[in-house]
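A look at the structure
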Amino acid sequence: MLEEAVQAKKHIYLEKPIGVDVPGVKRAMEAAKKADKTKDIAVGFQQRYGPVYLEGYKRLQSGAIGELANARGAWIANDPFTRRPFSDPAVEKIRNWFCYKEYSGDIIVEQDCHILDDLHWFLGGLPTAAIGRGNKKVRKDMDILDNLTVIYAWPKEMFVNFEANQLTPRGFRRIGEEFTGTKGTIFTSRDKMTHYIAQGKSEDMVSKRDITIDSIEAFITRVVENKPENAVHRSALSTCIALL
């Protein structure tokens, strides 16, 4: 669909992930290189356009938390998918695409790539290595994991822990990122940004709406104002962090 939309010279809002394997990611990157430079190509990594994330990034870049020393990310939540029966096995596999690694890339690619894109953005680059484990503790009838933990190594000996599960019962969730510096900590999520300044002192900035709206509004504004961007390359790299 991306290739055909590029060929048709359309503005494009492309959903994440960019691919579920490296060949798929490379194919998308090649398609995006051929795009009309007057057309906007957005990707659904909507945190990049959320006011709370933009404020958190601005504070980090300004040195408000001092020298960055550590970062963490998490997507701890319930199972977002219900597997449904279909009489035709081929139809079942497509309809229940989420359950199959070949179609979804597993949970770290399909869902958790949002957090990894934020880490790519805030840390200003890519990890050099990763070590991780995952398994199935509750949801054992799918071809994908239901929990995982990864340690990423970023340049300058920055170690970043990422953990995710899709097995936590409703009522508890922890989704977002922490950036810890020598003078404070910034926590970011779609709901809010919290800047921990000192003991007993913090500042909150709460999202006024679903930041997906901010992302789509930014896309339309760039189209209207003729200020296109092509977000495929950076988004492909974020997808590759998940694939790694």
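Here we summarise the structure given alongside this text.

1. Focus on the sheet that holds strand S9 (residues 192-198)
The sheet built from eight strands is open, its strands ordered S4-S5-S6-S3-S7-S8-S9-S10 with mixed pairing. Only two strands of the sheet have a single neighbouring strand rather than two, namely strand S4 (129-135) and strand S10 (201-206). Averaged over all pairs of adjacent strands, the angle between strand axes in this sheet comes to 10°, irrespective of strand direction. The pairing of strand S5 (residues 147-154) with strand S6 (residues 158-165) spans eight bridges and is antiparallel. Paired with Val 150 across the bridge in S6 is Phe 162. This element, helix H3 (residues 51-62), spans strand S3 (68-76), strand S7 (174-181), strand S8 (185-188), S9 and S10 of the sheet and lies at about 30° to S9. Relative to S7, helix H7 (residues 113-122) is tilted by about 20°, and along the sheet it contacts S3, S5, S6, S7 and S8.

2. Regarding the pattern of salt bridges
Summed over all chains, the structure comprises 19 salt bridges. Measuring nitrogen to oxygen at the nearest pair gives 3.4 Å for the salt bridge that ties Glu 55 to Lys 58. With Glu 55 and Lys 58 both in helix H3 and three residues apart, this pair spans about one turn of that helix. The partner of Arg 72 in a salt bridge is Glu 178, and the shortest N-O contact between them spans 3.2 Å. In this pair, Arg 72 is assigned in strand S3 and Glu 178 in strand S7, connecting sequence segments 106 residues apart. Among the charged side chains, a network of salt bridges with common partners joins Asp 40, Arg 222, Glu 229 and Arg 234.

Rules used in this analysis
- Residues numbered from 1 in each chain as written.
- Predicted model: local features only at pLDDT ≥ 70, side-chain atom pairs only at ≥ 80, totals over all residues.
- Heavy atoms only, no water.
- Pairing = 2+ DSSP bridges.
- Helix = DSSP H or I, 4+ residues; strand = E, 2+ residues; numbered from the N terminus.
- Axes fitted to C-alpha atoms, helices over the stretch in contact; angles between N-to-C directions.
- Contact = heavy atoms within 4.5 Å.
- Salt bridge = Lys/Arg side-chain N within 4 Å of Asp/Glu carboxyl O.

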